[in-house]
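The chain contents come next:
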Amino acid sequence: MGKIMTAIGLMSGTSMDGIDVALLRTDGDAFVERGPSAGYAYDPRFRDRLKQGLEEAKSITSREQRPGSLAELERELTLRHAEAVQTFMRNNNIKSDAVDIIGFHGQTVLHRPDDALTVQIGDGALLARETGIDIVYDMRANDMEHGGQGAPLIPVYHAALARNATADGKLEAPVVFVNIGGISNLTYIGADDGLIAYDSGPGNTLIDQWVEAHAGIPFDQGGMIASEGSVLPELAERYLLNPFFSADRRRSLDRNDFAAPEGKDASLEDGARTLAYVTAAAIVKSAGHLPTTPRAYIVCGGGRLNPVIMGDLGSQAKTHGANVLSAEAMGFNGDSMEAEAWAYLAVRAREGLPLTYPGTTGVRQPVTGGKYALHGAH
Ligand SMILES: Nc1ncnc2c1ncn2[C@@H]1O[C@H](COP(=O)(O)OP(=O)(O)OP(=O)(O)O)[C@@H](O)[C@H]1O
Ligand SMILES: CC(=O)N[C@H]1[C@@H]2OC[C@@H](O2)[C@@H](O)[C@@H]1O[C@H](C)C(=O)O
């Protein structure tokens with residue numbers, strides 16, 4: 001066993017709904033002990049600023065550029081993360097000298113794997129100064145420099161969880177972890193420990209955009225709106241026939257790769273129902289590229305709280321003989337898993353261990369990654 005470190009992971013995902021924080025004790029390998037976690041929601045005004053930041057980021061051609069208000073946004077985002085860390089440590093009685101490292105994801109504002117360009121805003125040095133803790137950040141860049149898609153990075157953590165659950169007799173491979181966030185991604189862990197991962201399609205983003213534009217609400221809580229509607233097959237087909245699903249090569253997605261329907265395309269309810277169906281069908285369709293059908297799908301991320309998505313995923317997976325379980329049914333935490341993963345990745349980075357593999361991002365060889373900001377350096 002390697003050196004066990006105490007790490008905090010910070011995730012601000014593509015849904016831009018807030019900051020997830022989680023504490024982990026780990027050696028970056030098989031030893032994983034999950035600690036407390038929390039979510040700190042963004043207020044609607046900051047969420048709007050992030051959305052504007054995504055627009056401004058469209059003109060970026062090299063990853064250091066911060067056009068428009070992006071530099072100011074990066075500073076504010078970082079200070080919000082520092083505040084989240086401080087609140088989290090206060091609420092859980094954790095002293096900063098008890099934490100060895102923070103894994104800081106930042107906010108993805110642009111992701112164009114075909115141009116080898118991925119930009120996560122987040123100022124590691126500022127966060128180190130504010131928290132007094134060493135930071136590992138910018139963990140996607142090195143993967144891209146070595147020919148990878150820069151995403152997904154969570155698979156190595158899924159693999160550690162699966163290995164431990166299999167050893168405890170709680171799980172039988174092959175198994176798939178699905179994260180239904182703004183975008184959905186899946187990790188396949190084969191019986192021989194083989195690891196395959198990729199983005200599987202639009203997650204909640206289209207549903208969020210649809211209900212925001214037509215009902216002025218940020219998301220379809222509990223799938224209430226979708227449950228009143230019907231699937232419109234033509235509209236669903238329009239998404240599911242996208243070349244993303246049939247291409248030979250799996251590629252990672254940007255939030256803007258799929259667009260929400262036009263208002264005239266559907267009623268509020270039918271639109272929400274159809275997009276929930278698309279979210280589930282995209283996962284099953286993408287899983288068709290795996291070497292074997294998994295026995296189970298373990299679902300994490302906010303989409304698992306939408307029973308319409310879960311119902312569709314359950315019935316479609318069943319036709320292939322697979323069960324669908326929420327992360328909680330396996331004793332995991334579906335809200336904090338990404339933040340836990342960023343804590344785990346920070347420790348792996350510190351130990352020089354690989355973060356990504358040819359099977360997870362298409363990188364040429366397993367590579368580590370991350371930049372460091374040491375709190376004593378200033
Ligand atoms: N109670 C709920 N009912 C229905 N949907 C929900 C509920 N809670 C959260 N969601 C959905 O989950 C989304 C947030 O998911 P999550 O926090 O996993 O995304 P993320 O981490 O930002 O994204 P990504 O994994 O793509 O980076 C919300 O935008 C919403 O659409
Ligand atoms: C570029 C980027 O931020 N991608 C995110 C996004 O959100 C889900 C999916 O698209 C995944 O590829 C990734 O996040 C997860 C946490 C990952 O890297 O594992």
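Values in this document were obtained by computation on a predicted structure and should not be read as measured data.

Scoring rules and cut-offs
- Position numbers for residues start from 1 in each chain and track the written sequence from start to end.
- Working convention: letters from A go to chains and numbers from 1 go to ligands, in the order in which they are written.
- Totals for whole chains, interfaces and linings use every residue, but because this is a predicted model, local features are given only for residues with pLDDT of at least 70 and side-chain atom pairs only at 80 or more, for both listing and counting.
- Secondary structure elements are defined from DSSP: runs of H or I of at least 4 residues count as helices, runs of E of at least 2 residues count as strands, and each element is numbered from the N terminus.
- Field definition: a residue is buried when 20 or more other C-beta atoms are found within 10 Å of its C-beta, exposed when 12 or fewer are, and partly exposed for counts in between, with C-beta atoms placed from the backbone.
- Here the contact rule is simple: place C-beta atoms from the backbone, and any two residues whose C-beta atoms are within 7 Å are in contact.
- One requirement defines pairing of two strands: DSSP has to find at least two bridges between them.
- Orientation is described by lines fitted to C-alpha atoms, with helices fitted over the stretch in contact, and by angles between N-to-C directions that extend from 0 to 180 degrees.
- Each nonpolar core consists of buried Ala, Val, Leu, Ile, Met, Phe, Trp, Tyr and Cys residues. Their C-beta atoms, within 7 Å, join them into a set.
- What marks off one domain from the next here is an automatic or database domain assignment.
- Orientation labels follow simple angle bins: below 35 degrees gives roughly parallel, above 145 gives roughly antiparallel, 65 to 115 gives roughly perpendicular, and whatever is left gives oblique.
- If you view the pair so one helix is near and one far, a crossing is left-handed when the near helix is turned anticlockwise from the far one by less than a right angle, and right-handed when it is turned clockwise.
- Nearness rests on one distance test: the residue's C-beta atom, set from the backbone, must lie within 6 Å of the molecule or strand.
- With the strands pointing away from the viewer, any crossover whose connection runs clockwise from the first strand over the helix to the second is right-handed.
- Helices are assigned an expected span. That span is 1.5 Å times one less than the residue count.
- Put simply, Ala, Val, Leu, Ile, Met, Phe, Trp, Tyr, Cys and Pro go in the nonpolar bin, Asp, Glu, Lys and Arg in the charged bin, and everything else, Gly too, in the polar bin.

**Student:** Please clarify how the overall build of the protein chain should be interpreted in this entry.
**Tutor:** For the protein chain, the count of helices and strands is 12 helices and 13 strands. Classification of the 378 residues of the protein chain by burial places 50% in the buried group. Long-range pairs, those at least 24 residues apart, make up 71% of the contacts in the protein chain with a sequence separation of at least 6.

**Student:** Got a minute to help me understand the sheet that holds strand E10 (residues 195–202) in this structure?
**Tutor:** Sheet strands pair via backbone hydrogen bonds, and the direction of the pair is either parallel or antiparallel. Across the sheet, which stays open at both edges, the 5 strands sit in the order E10-E9-E8-E11-E12 with mixed pairing between neighbours. Single-partner strands in this sheet number two, and they are E10 and strand E12 (323–326). For this sheet, the mean angle separating the axes of adjacent strands, direction not counted, is 20°. Bridge analysis of strand E8 (residues 175–180) against strand E11 (residues 296–300) gives 5 bridges, and the strand direction is parallel. In the strand pairing of E11, Val-178 is matched with Val-299. Of the strands in this sheet, E8, strand E9 (183–189) and E10 touch helix H9 (residues 268–287), which is tilted by about 150° from E10.

**Student:** Can you walk me through the nonpolar core in this structure?
**Tutor:** Note on soluble globular proteins: their nonpolar side chains tend to be buried together. The biggest cluster of nonpolar side chains holds 92 residues, and the ones touching the most others in it are Ile-102, Ala-343 and Ala-346. Top element by residues in this core is H9. It accounts for 11 residues. Counting only domains with at least three residues in this core, you end up with domain 1 (5–147 + 365–377) and domain 2 (155–330). With 8 residues, the next largest nonpolar core counts Ala-57, Leu-77, Val-109 and Ile-121 among its residues.

**Student:** Just to check I follow, could you spell out the sheet that holds strand E3 (residues 32–41) for this structure?
**Tutor:** Ordered in space as E3-E2-E1-E4-E7-E13, the 6 strands form an open sheet in which the pairing is mixed. At either end of the open sheet lies a strand with only one pairing partner, and these are E3 and strand E13 (371–373). Mean inter-strand twist for the sheet, computed between neighbouring axes without regard to direction, equals 20°. Judged from the 7 bridges that link them, strand E1 (residues 5–11) and strand E2 (residues 18–26) form a sheet pairing that is antiparallel. Looking at E2, one finds that Gly-9 is bridged to Ala-22. The sheet contacts of helix H2 (residues 70–91) involve E1, E2, E3 and strand E4 (101–104), and relative to E2 the element is tilted by about 55°.

**Student:** Before we go on, may I ask you to explain the packing of H9 against helix H10 (residues 307–318) in this structure?
**Tutor:** Each pair of packed helices gets described by two things: the angle between the helix axes and the distance between those axes. At a minimum axis distance of 8 Å, the contact between H9 and H10 shows a crossing angle of 40°. Between H9 and H10, the angle is such that the two are oblique. Here H9 runs over H10; the crossing is right-handed. Listed contacts from H10 to Arg-273, Ala-276, Tyr-277, Thr-279, Ala-280, Ala-281, Ile-283 and Val-284 of H9 are Val-308, Ile-309, Asp-312, Leu-313, Gln-316 and Ala-317.

**Student:** Just checking my understanding: could you explain the site of ligand 2 for this structure?
**Tutor:** Close to ligand 2 lie 18 residues, the nearest being Thr-108, Ala-151, Pro-152, Ile-154 and Ile-183. Secondary-structure elements contributing two or more residues to the shell around ligand 2 are strand E5 (107–112) and E9. Split by domain, the residues of the shell around ligand 2 number at least three in each of domain 1 (5–147 + 365–377) and domain 2 (155–330).

**Student:** Please clarify how the pairing of E3 should be interpreted in this entry.
**Tutor:** A regular strand carries its side chains on alternate faces of the sheet. Bridge analysis of E2 against E3 gives 8 bridges, and the strand direction is antiparallel. If you follow Asp-20 over to E3, its bridge partner there is Gly-39. Taking the residues that link successive antiparallel strands as the turn, the E2-E3 hairpin has 5 residues, and the phi of Gly-28 there is positive, at about 80°.

**Student:** Would you explain the pairing of E11 in this entry?
**Tutor:** Of all 5 residues in E11, 4 are buried, a share of seventy percent or more. In the sheet, E11 pairs with E12 via 4 bridges, with the strands oriented parallel. What sits directly across from Ile-298, in E12, is Leu-325. For the handedness criterion, the β-α-β arrangement of E11, H10 and E12 is classed as right-handed.

**Student:** I would appreciate a short explanation of H9 in the present structure.
**Tutor:** An α-helical turn contains 3.6 residues, so a residue and the one three or four places further along point in the same direction. In a regular helix each residue adds 1.5 Å, so 20 residues correspond to 28 Å; H9 covers 29 Å between its end C-alpha atoms and thus fits that length. In terms of burial, H9 is a largely internal element, 16 of the 20 residues being buried.

**Student:** Where do I start with the site of ligand 1 in this structure?
**Tutor:** In the vicinity of ligand 1, 23 residues are found, and the nearest of them are Gly-13, Ser-15, Gly-181, Asn-204 and Gly-302. Classifying every residue of the shell around ligand 1 gives 4 nonpolar, 15 polar and 4 charged. The two domains that each donate at least three residues to the shell around ligand 1 are domain 1 (5–147 + 365–377) and domain 2 (155–330).

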